[in-house]
Structures are given as structure tokens and as C-alpha cells.
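Observations on chain architecture
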Amino acid sequence: MEGRMTSLEATMKASSTMASSMARNADPDQQTLRSNSVEQFYFPRPGQSLPGIPPFFGPPSSSLYLPNDNEAKFGNQFESNPSQNTDWDPQAIVSNLTFLEQKIKQVKDIVQSMNNRENQVAGGSSELAAKQQLITADLTSIIIQLISTAGSLLPSMKNPLLSSNPAVRQLGNTLGSPMGFGMNANQRPSVDSKTDIPDTGKTSDYDELMNSLNTAQDERDELIKCPNPCGGEGSEPTPMEDHDVKESDDGGEGENLPPGSYVVLQLEKEEILAPHTHFCLICGKGFKRDANLRMHMRGHGDEYKTPAALAKPTKDSGADHAPVTRYSCPFVGCKRNKEHKKFQPLKTILCVKNHYKRSHCDKSYTCSRCNTKKFSVIADLKTHEKHCGRDKWLCSCGTTFSRKDKLFGHVALFQGHTPALPMEDVKVSEASEQPHDSEPMNEMARSMVYSFPSSSSDGISNLDMKMADDVRGYFSPLSFDPCFGALDDFTRPGFDISENPFSFLPSGSCSYGQQNGDS
Amino acid sequence: MAAAASHQQQHRHPKRRRLALSLSLSLSLSLSFSPSPAPAAAPPLDTLADELLFLVLDRVAQADPRALKSFALASRACHAAESRHRRTLRPLRADLLPAALARYPCATHLDLSLCARVPDAALASALVSGPSSCPSALRAVDLSRSRGFGAAGVAALAPSCPGLADLDLSNGVDLGDAAAAEVARAKGLRRLSLARWKPLTDMGVGCVAVGCAELRELSLKWCLGVSDLGIQLLALKCRKLTRLDLSYTMITKDSFPAITKLPNLQQLTLVGCIGIDDDALGSLDKECSKSLQVLDMSQCQNITDVGVSSMLKSVPNLLELDLSYCCPVTPSMVRSLQKIPKLRTLKLEGCKFMTDGLKAIGTSCVSLRELSLSKCSGVTDTELSFAVSRLKNLLKLDITCCRNITDVSLAALTSSFTSLISLRMESCSRVSSGALQLIGKHCSHLEELDLTDSDLDDEGLKALARCSELLGLKIGICLKISDEGLTHIGRSCPKLRDIDLYRCGGLSDDGIIQIAQGCPMLESINLSYCTEITDRSLISLSKCAKLNTLEIRGCPRVSSIGLSK
């Protein structure tokens, strides 16, 4: 980034190029990055919470930061009963089921009311659509809740048991199919049109998945995975399903684009702008990086201090057959918005995040040196600050350039523009040394510029990987919705703890990492 | 300064006399030119049109520059007329500048070469606040030998002289981009020299290139901070350039083609451009510069005969080529000179001649008028004889320090080039005195002859007496010559302007007196280490009115009496 783009268009262009370059850079880690970013946006959308949900589904922020009763209970339980690692918590299951019951009832009510209204008024289509969305979301959340409840059962079963147990397979089936049915029943044409794969393909995929479920070594992992393809209409095995649901939440506008070969996902503004993406399940504190979260987790008990728990989650191989996924900007009218005629999808979640901030947010970061350049992405500011003041090549029109040849190209292009000397006195005195002095300086700066970002980006990607993998350990991939995020919050600990408190982090992360990889 | 002042004092009285003379001259002229004879009451100068008066004054100035001063002192009218007439100012001190400009508001040329130090303040006060009536007359300013001014002074120059077309800022070793930016504000500049502006970078050149689009001549000699970027921009913006001096700059092949493609470029000087190599020369398109006539690539160390051969196809209309201290001269390179049939001048100083190289010149460059082979190695009698037999048009030949050539070459040379104008053969020590007589016998059109450090004797000088057109004669370190030989020169070479008698130990006052009497146009004479010279010589030389250079180092018998004359 040359740091000299002034017009909005230029900035947008820049951001897009930067985003794409980042995407390119991140390609090997694309999966993790993307999934990570997906996780990042599990952020409450207050408008979507249903009336009458239990208190722990309330404002998600509170649920995130101030553990509600249930969560606290589980937390306590978790802390007090580390010995129960192999057992599952019946209490938690019971409460989950009660909640599900409530939830189903609510949805039922809504559908009924809708049905009535449909008969009465034909015109309230938008309201109807909203209701439909609501129902969809609710149903999805119910399914997810069901899955996670079922998932919490799994750790208690031994692997051979699971693999040989047809009931579990059936569970997988039942977990999967309702979701698919639910989706279809809720008439989400977007989902259908979004994915090219026909229904037959879906079922075959599904069968295949079930087969793989049976043969897989890590059944728990597979089991978690299994419902996902169903949710994602069978086309994408794992985390994509989240976004599908997301998209349906956004209104189900997923359009089938001419290339058609990819799935378009759209995140909400709040998700994009969420400051933290990793949250402590015990105290609710938020972190930007999973490594920091792991460090934080050490304070919650010895079990988090094991090398395994602290280890960076490894990325699993097998990312080859990932479905192609692209992202849409939620800003209507933006070229990156899927409704745009010349829609150009964003490649990764990170791109979405940066694009949205750069293009549709206030530029709140001002360079302290020049006090003119403003940025909405802090990394851009930092990049600029490295060069700020180095733009010594100035044209009479006021444009600055970081390189002399660029300036001369500019001057050559425009009639009447002439190279300008910024500080004439300084220039005069320095001029003689310039060719000699500035060279090593520039070299240094260049090497810094080149080496530092690369290393830092490496670091970031590493962290992101960790973060991405780790977050799945803490946060169910299904916890995207406020209600279910909270729900998840309260179910997860039980499940994880009951499984194996000592290998909690790595196992969770590994499994989800693998999940990532598979997807 | 003091000397100059005393000089003026000295001439006060003669001036008075001349004043009367010139006044009477102008009066008589005015009377004869004016249609109706002026009444005695009216000042005669008022009746004379300025144009006529200026014509008169031009003549006066031509005859005796000091007469104008006397004329100005004659009356107010004369003073006013003189101040209107004067075009060139050459102040001795920078602090006289405001007064001088006020006195001569119509001056167009300001030559500050005598002012070693021109502070910013002087320039500013002289040009900005000084003559408010006519601030714009100056068209040419020469600051090439002045220091002490900076960007501020240059800044004062440009806006106050809108008609400025010629600006010489050579040797501004402290001037840089800021000053160049100020120069660029003089939009009408046609000729500009920024030689030795060491702090100058591409930025300054860029400013000049954009600002002074009318530039015809530009010198960036020794501007070491200038690189391809600036030169490329120059080539792009200043399309009217006809002369460009890029000597000792860091120009490389990146900007060389752009420069040669300038549509009007006639003269390109690239002395000591180490960035020009065979690649750069080879990168030129065929016939890319049809306008280029003079190309100086001397001391470009990184080019070889191959590069030169490949370049010559690009400059078909070249008239002058200087490849001194460049590359070895091979027959193949010389044959490629056939691609530039109009070539008139070829300078190959300090080059190493490969076998048959010189012969090839004889066959390939038939149209040559001037050939310089000085300090070349590998010039042999046979090859030179062959070459000179073919070069029928040659007028000037320089074979300085070609130590291998003998009487054989000289015989061939003198017999073929009877119309030779210039011959320089300093330190051709193997040529005998007998052969040197041939020069005088055959080349009677010689205007310039350099026989320094040769076997010349009085007989040779006697033969040279036939060269009545001789303007310059250098016969230093010719120990055999005596007063007798010099007498022949003094009698028969009235046009002689420059004579070099360095270390001619056999000379005495008589010979010098003969020269001084016979050569009234003498401007320069070198008598260093002519130990026999006394005050008598100086007294006789004082009659040569145009003498401006006199070297008398190592003349122990010259006293202050002689000097005072």
C-alpha cells in the first residue's frame, strides 16, 4: 500500500487489492482463516432473539461476559468436579432438553400465528418473511441445540462403542435429517438456489458422510460434523453450513451467481465489527487471539497448564476438497454485495472484515504524524506510519510519492506539473548527501517494510490458525446465533469437561481443526 | 580593484583628448547626417536619432572601447546617449551592480564574471528594487565565475528579468535543487548552464525541464547528482533542445535513447559519461537522430569499438565525432564510419590504433576536414602516409606526440595537403629540421602551426615566412632558432596574433623587437624562460595595442622598468 490514495475509490481499490493479496497470502491457511473469521462473528444480534426466551439467552454480551446462572453452574461444576471427566452431566442434558421443549413450543406458536395471519392478510409479505426467517433461525438453533446436547453425550461413550453402535449412527442420521428438513420446510429458496448440487447429490453426499462417520476414527468429531452437511444441503461438509444458516438469517438472499461454482456467504455488520473473537468459557472475557485465550485459561486451573492444552492446535491435512466459498459484503449497493449487478465476491472472512471497515466504516484512526491520512483499519495506519514522512517526493499539484521514479512518471504525464521541493532549505543542505545518505536508509526501511510485515503476517496467520482451531474448542461452531451462542455456552463446558478436562483444549481444538481441514 | 582604479587614473588625460576627438567626430557626423543643419543653440545630439547615434557609437566602440567613456563625460546629452546605448555591463564589483544597472537601463547583457563574490543581497537589490523603470531589459546574465549567491539570489533574478534568455550559472558548486527551482521560473530561458552544480539532483533538473520549455542549450556538466530520471524528463519536456552537455553525469542507457531522440538536438556532449556503454549505444534505433551533428563521447571509458560501430547507424548526419580516450581504433570500427558520409571532424586523441586502423580512415572518411590523432599510439609512417594521400579535403591535422612518425610522413603530408590550415605536431621529435622546411615550402595557407619541441632551425623559420596568413605560431623548446629566424617571421607574418617562444634560449631582444614591430595584431606572447630577454623587448612590445597576454616567467633580466612601460 503506497499510502497515498486519497479518493475513496482509490481506497476501495486499494483495500480490495490488499484484501485479495492477503487472501492470496493466506491461501494455505485459508481454511483456518476463514473459519476463524467465521467464528469471530458470532456476535449477538439483539433483534433476533425471540420473546420469551430464558434469561440466559438474554443480551448476549451479558451472556458472554457475565456468565449466567447455568453457565456459572457449569463452570462451578467443571471446576469442582474434574473427576467426572468421563461422565456426562445429566442435569445439563435435562436443562437442555427442557429448553428445547420450550423453544419448539415457541416456534410452533409463531408458525400457527403466521398461518392465521396468512389467511387474513395477503399483503404483509415482509413481515411474513421476517417471521419465516425467525422460524428458520429458531429451528436451526433447535437443531443445533439438539446436536450439541447429543454431542455432549458422546464423550461418555467409548470409541469402539460408538463405532459399533448403530444407535449413534442413527443419532447422526436423526441429527442430520431434521436440520435438512427444517431448512426445506422453512422454504429457504436461497439455500437451494445458492448451491448447485441437486438433491440427489445431496443425499449421496450425505450417505457418503454417514459412511465416513462409521469408519472414522474420531467419532465424536465426525458426529459433530455429520449434521453440518445436512444443514449445508449436503454440498459442504462443515463450517459452511454455519454461513448458510447465517445467510438465511440475513434474509436468504443467496443468489446463484454466473460462475455458480462457489457459495456466497454474507455476515452481518455486527459480526464483522465484533472486537473479540475468542471468549473464555469460564469468565467470559474476550480475546482477539486464541493464544492469548490459552494463556488466560491457565489461570482457571491446572488442567489448562498442560503442554497439550497450551500447544498450538495443529492444522489437519485434507483441506483439498474444500468447497469454494466466497463472501458478500452486507452493505447494500456495494460492489462486494451479492445483490450488486457486477458482484465481486470477497475471498476470505478477513477480506470481508477489512473491506467492510475500509469501505463502509468511519476512518477513525488518524496518522499522528501528518494528521491528514485517516484509516479505518489499524493495520493500514501502521503501514502508513511506516512510510509517513517518507513521501518526500512531492509534485507541485500536492501529490506525494514514496518513490522518485513515481513522481517523475507523474510529472512526465501531466502538463505543467513540476517536481516540488518540500523544504527548500533542508533540501539545499541535504541535497548533496541525498544520493549517498538516503540509499542505506531507504534500504533499511525497505528491508524493514519487507521483512516485518511478512514476519508479522506469518505471526498473525499462525495465531489465526491457533485462534481458529482453538475457538472451536471453546465455542461451538454452532454458536453463531445469540440465543444459541448462549445456549452453546452453557452446554459446551459440560460436554467438554465431561469428556476430558485435561485434554480439553487440544482435543477440542484438534477435532475442530480437523473439521476445518476436512471442510 | 586597486589596480583597475589606478589604471583608470592613468588614462584620464588621454581620455580627455579622445573625448574631444570623438565629440568632434560625432558632431561632424550629426551635421552631415541631419537633413537640416542644426542651429548652433540646439544641442547637436538631440537632433540625432537614437539609431544613428548608436551606429556612430558602435563604430567608436569598435575602434576604441575607452572612447565611449570619454564621450559620456562630454555633456549631459552625451551621457544620456551613452547610457542608452550601452548593452553590455561588466561590473568589477558586485556592489557596483545597482548603480550600473541604474546607469544603463537598456543593458541586455550582464557579465558578472569579474565579480568573484556576488552576495544574494546584491543581486536582489540590483534586480528587484534597483531600476524600477526598466527592470526587464536584461536578456543575458553571466554568473559563471561568481560565488556567494544562493537560491535567494537566483530567485530575485527570474521574476525581475522576464526577458531573460541566457543564464550562465556554471560553477555554482553550492547551488542545488532550490536554486534550480528558482531558475525554472524564468520561463523564457533559451540557454542555460548549470555546470558543476554538485548538489543538483533530478528534482532540480525536473523543475528546469518543466519550467523552461523553451530551452535550446543546456549544460549539466559535472552535475553528479543528476541521474536518468531527470534526464528522461528533460528529454520529454524540452523538445526544442539543440545543444546538450551531459558531460560527467551519471547518464546510462535508460535515458540515452530518449536524449538522442530529441528532434532538434544538434550537439550532444557526453564527455566522461561512465554510464554509457556498448549496451547503451547498441540500444539506439536506426537513424533515431537525424538532427545530431556533433557528438562528443571522449573519455567514455566503458565503450568499445563494437559499441561505436553499432551506434553510428543511428546518427547518419553526424558532422563531428569525438572519440578521444575512448576505445581502440579498429579497422572494422573505422569502416563503419562510412555510415556517416558527411563526417567532417574526427577526433581520436589518445586512442590506440590497431593495425590498419589509420589506413581504414584514409579509405572510409574521404570527406574529413579535420583529423586529430594526437597522443595516439600505433600511428606509423606507412599508415599515416597512406591516409594523408587519400584525405584530400583535410584542412586541419593534429599529430601531436606521434613520436613514431619521421620525415617520410611529413614529406607525404606536406605534398598532399597544400591547403592545410592547421598543423599541430608538437613533440614529433623524429622529424628532422630539413623536413620541417617542407612545411613552409608547401603549406603556405597555414594559419596555425605548432612545432613545439621540434628540430626547427632558422632555415625552417625562413621557409615559414611564406605563410603570410599565420595567426598562431608555437615554436617553444626549439633550441636551434635565433633572432635571425624570428626576423623572417616578424617581417612576413603581419597577422600573427599568438606566438609561443617558451624556452627558446637562443633568442634575444632583437628578435622580439622584430616581432613586436612586424606584428601589430599581437595579442599573446609567451617569453617564459627566454633568459636573454631584457626590458628592451617589453618596451617594444608595449606598442602592440592589442596585447593582452604576456608570459615572462623565468626572465631574470626583466626589471620593473620594463614592466612599468
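For the structure itself, consult the block above.
This one's a predicted model, so the numbers in the text were calculated from it and none came from an experiment.

**Some points on the overall build of chain A**
Per the secondary structure count, chain A includes 23 helices and 9 strands. Of all intrachain contacts in chain A linking residues separated by at least 6 positions in sequence, the fraction that spans at least 24 positions is 68%. Total accessible area on chain A stands at roughly 22,800 Å², and carbon and sulfur atoms take up 56% of it.

**Some thoughts on the nonpolar core**
Ile-361 and Leu-501 of chain B are the most contacted members of the largest nonpolar core, which has 166 residues in total. When residues of this core are assigned to their parent elements, the largest contribution, 6 residues, is made by helix α10 (residues 202-211) of chain B. Beyond its immediate stretch of four places on either side in the chain, Leu-501 of chain B contacts Ile-475, Gly-476, Leu-486, Leu-507, Ile-512, Ile-525, Asn-526, Leu-527, Ser-528 and Cys-530 of chain B. By size, the runner-up hydrophobic cluster in this structure holds 12 residues, among which are Leu-267, Ile-349, Val-352 and Tyr-356 of chain A.

**A short note on the pairing of strand β1 (residues 263-266) of chain A**
Residue and element names in this part refer to chain A. The alternating pattern of β1 places Val-263 and Leu-265 and Val-264 and Gln-266 on opposite faces, both of which are buried. As defined by bridge partners, β1 adjoins strand β4 (residues 325-328) across 4 bridges and the pair is classed as parallel. By the bridge assignment for β4, Val-263 is matched with Thr-325.

**Here's the deal with the pattern of salt bridges**
All names here are of chain B. Using the criterion set out here, one finds 23 salt bridges over all chains in the structure. Of the charged contacts in the structure, one is a salt bridge between Glu-214 and Arg-216, with a shortest N-O distance of 3.6 Å. The partly exposed category is assigned to Glu-214, whose relative accessible area is 27%. Note that Glu-448 and Arg-424 form a salt bridge whose closest N and O atoms lie 2.7 Å from each other.

**Details of helix α19 (residues 404-413) of chain A**
The complete set of buried residues in α19 of chain A reads Leu-407, Phe-408, His-410 and Val-411 of chain A. Buried residues of α19 of chain A, viewed axially, fall in a sector of 155 degrees; they line one side. Residues of α19 of chain A that are buried sit in contact with β7 (393-395), β8 (400-401) and β9 (419-420) of chain A together with α10 and α11 (228-237) of chain B.

**Quick notes on the interface of chain A and chain B**
At the junction of the two partners, chain A supplies 22 residues and chain B supplies 18 residues. In total, chain A and chain B occlude about 1,500 Å² of area from one another, counting both sides; carbon and sulfur atoms represent 75% of this. There are 1 salt bridge connecting chain A and chain B. Along the contact surface separating chain A from chain B lie 3 residue pairs in polar contact (both at pLDDT 80 or more). For the side of chain A that touches chain B, the secondary-structure elements that each account for two or more residues are β7, α19, β9 and α20 (424-431) of chain A. Looking at side-chain class alone, the side of chain A that touches chain B contains 12 nonpolar, 6 polar and 4 charged residues.

**With respect to the packing of aromatic side chains**
All names here are of chain B. All chains considered together, the criterion is met by 2 aromatic pairs over all chains. Judged by centre distance (4.1 Å) and plane angle (5 degrees), the rings of Trp-222 and Tyr-248 are stacked. Taken as a pair, Trp-222 in the loop between β6 (217-219) and α11 and Tyr-248 in the loop between β7 (243-245) and α12 (256-260) lie far apart in primary sequence, 26 residues in all. Taking 5.7 Å as the distance between ring centres and 90 degrees as the angle between the ring planes, the aromatic pair formed by Tyr-502 and Tyr-529 counts as edge-to-face. Residue Tyr-502 is found in the loop between β17 (498-500) and α22 (509-518), and its partner Tyr-529 is found in the loop between β18 (524-526) and α23 (535-541); the two are separated by 27 residues along the sequence. Using a relative accessible area of 29% as the deciding quantity, one classes Tyr-529 as partly exposed. Over the ring of Tyr-104 we find Arg-86, and its NZ or CZ is 5.1 Å from the ring centre. Sitting over the face of the ring of Phe-386, Lys-359 holds its NZ or CZ atom 5.8 Å from the ring centroid.

Parameters and conventions
- Residues numbered from 1 in each chain as written.
- Chains lettered and ligands numbered in written order.
- Predicted model: local features only at pLDDT ≥ 70, side-chain atom pairs only at ≥ 80, totals over all residues.
- Heavy atoms only, no water.
- Helix = DSSP H or I, 4+ residues; strand = E, 2+ residues; numbered from the N terminus.
- Contact = heavy atoms within 4.5 Å.
- Areas by Shrake-Rupley, 256 points an atom, 1.4 Å probe, with all protein chains shown as cover.
- Core = buried A, V, L, I, M, F, W, Y, C linked by side-chain atoms within 4.5 Å.
- Buried < 20%, exposed > 50% of the residue type's maximum accessible area, 1.4 Å probe, protein only.
- Pairing = 2+ DSSP bridges.
- Salt bridge = Lys/Arg side-chain N within 4 Å of Asp/Glu carboxyl O.
- Arc of directions from axis to C-beta.
- Buried area = accessible area lost by both parts, 1.4 Å probe.
- Polar contact = N/O pair within 3.5 Å; in protein donor to acceptor, adjacent residues only side chain to side chain.
- Nonpolar A, V, L, I, M, F, W, Y, C, P; charged D, E, K, R; others polar.
- Phe/Tyr/Trp six-rings, centres within 6.5 Å; stacked < 30°, edge-to-face > 60°.
- Lys NZ or Arg CZ within 6 Å of the ring centre and 35° of its normal.

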